[in-house]
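Given next are the chains, with one letter for each unit.
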Amino acid sequence: MEGRPLTKKNTDEPNSNRTPSRENEPSGLDRVRQAAKEDKGLRFTALLHHGNVDLLRSSYHSLKKQAAAGVDGVTWEEYGEGLEDRLKDLHGRIHGGAYRAKPSRRVWIPKAEGRQRPLGIAAREDKIVQQAIGRVLNQIWEEGFVGFSYGFRPERSQQDALDALSVGITQKKVNGVLDWDIRSFFDKVEHEWVVQFVEHRIADKRVVRLIQKWLKAGVMEEGRWFETKEGTPQGSVISPILANLYLHYALDVWAQGGRRRRGVT
């Protein structure tokens, strides 16, 4: 924590920070965010049109250039050859319903305690589309998340959480600190609940179907395809966004004793 200014009072306020490169995004996303801010119960019926070629291009350039390729074997540089034609074709398939999500390539990363953590590497086009749709969805969901939430948030990091914790325990009365680790959280996310939580704010069925395609695309490992009945591949662009939404609503359901039901907000 040395050398970083402490986070000021932010525990009761939603994140007002702009998402990365938001100043370069279409003004339509600003209107989406403003509408989400003004009406916390508003369900958005038309969102897919924000996923235009400009947003797809911006999403492509925001991806890590050296990231490993997915099952398609296409690198960032290779996709950039004839980029405009590729993006126009991708845009047409998304809006025409012909876009198909590819399975993620599963790799295993050793953990400190000796276990292995599965990562899912999405295909290049899937990364681009997930990044674009994720930017649209964040305009809505960021207005509903509480200020003391830091996981998987735009322009927030572990260091920000530590700074806020330092402010909390030094300037407020604290009787204890709860360290809660959810084992295999990404692997156990229930698809039905994810979709239900998404539909609390998203009424655009085309966007919901995209999310369902990513959840059901499965994984490839050593040349074999495996169905994904639960979980969202850790390592994909959309996974942390969906995981944060899932955790946000799941804790809300738990806090209310499980009384929340489908269609009830």
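As a starting point, this report considers the structure included with it. Just so it is clear, the structure is predicted and the values come from calculations on it, not from any experiment. (Residues numbered from 1 in each chain as written. Predicted model: local features only at pLDDT ≥ 70, side-chain atom pairs only at ≥ 80, totals over all residues. Heavy atoms only, no water.)

1. Quick word on the sheet that holds strand β4 (residues 224-226)
Now for step 1: Here we have 4 strands laid out as an open sheet, ordered β2-β1-β3-β4, and mixed in their pairing. This sheet does not close on itself; its edge strands, each paired only once, are β2 (116-121) and β4. Across the sheet, the mean angle separating the axes of adjacent strands is 40 degrees when strand polarity is ignored. (Pairing = 2+ DSSP bridges. Helix = DSSP H or I, 4+ residues; strand = E, 2+ residues; numbered from the N terminus. Axes fitted to C-alpha atoms, helices over the stretch in contact; angles between N-to-C directions.)

2. Notes on the packing of aromatic side chains
Now for step 1: Throughout the structure, instances matching the rule amount to 4 aromatic pairs.
Now for step 2: Pairing W193 with F197 gives two aromatic rings, centres 5.3 Å apart and planes at 40 degrees, and the pair type is tilted. Separated by 4 residues within a single helix, W193 and F197 lie in helix α8 (residues 191-198), roughly one turn from each other.
Now for step 3: Its relative accessible area of 28% is what places W193 among the partly exposed residues.
Now for step 4: Pairwise contacts between aromatic rings join Y60, W76 and Y79 into one cluster.
Now for step 5: Over the ring of Y79 we find R86; its NZ or CZ atom is 4.9 Å from the centre of that ring.
Now for step 6: Above the ring of Y150, the side-chain terminus of R156 is found at 4.7 Å from the ring centroid. (Phe/Tyr/Trp six-rings, centres within 6.5 Å; stacked < 30°, edge-to-face > 60°. Buried < 20%, exposed > 50% of the residue type's maximum accessible area, 1.4 Å probe, protein only. Lys NZ or Arg CZ within 6 Å of the ring centre and 35° of its normal.)

3. Looking at a nonpolar patch on the surface
Now for step 1: A contiguous nonpolar surface patch, about 430 Å² in accessible area, is contributed by L162, L165, I169, V174 and V177.
Now for step 2: Among the secondary structure elements, L165 is positioned in helix α6 (residues 158-171). (Patch = residues over 30% accessible without salt bridge, like charges linked within 9 Å, V, L, I, M, F, W, Y side chains within 5 Å. Areas by Shrake-Rupley, 256 points an atom, 1.4 Å probe, with all protein chains shown as cover. Salt bridge = Lys/Arg side-chain N within 4 Å of Asp/Glu carboxyl O.)

4. Here we look at the packing of α8 against helix α9 (residues 205-216)
Now for step 1: Remark: α8 packs on α9, axes separated minimally by 11 Å, with the N-to-C direction vectors making an angle of 160 degrees. Between α8 and α9, the interaxial angle falls into the category roughly antiparallel. The way α8 lies across α9 gives a crossing that is right-handed. Side by side, α8 and α9 meet where H191, V194, V195 and V198 of the first sit next to V208, I211, Q212, L215 and K216 of the second.
Now for step 2: Taken together, the residues of the contact of α8 with α9 break down into 6 nonpolar, 2 polar and 1 charged. (Parallel < 35°, antiparallel > 145°, perpendicular 65-115°, else oblique. Left-handed = near helix turned anticlockwise from the far one by under 90°. Contact = heavy atoms within 4.5 Å. Nonpolar A, V, L, I, M, F, W, Y, C, P; charged D, E, K, R; others polar.)

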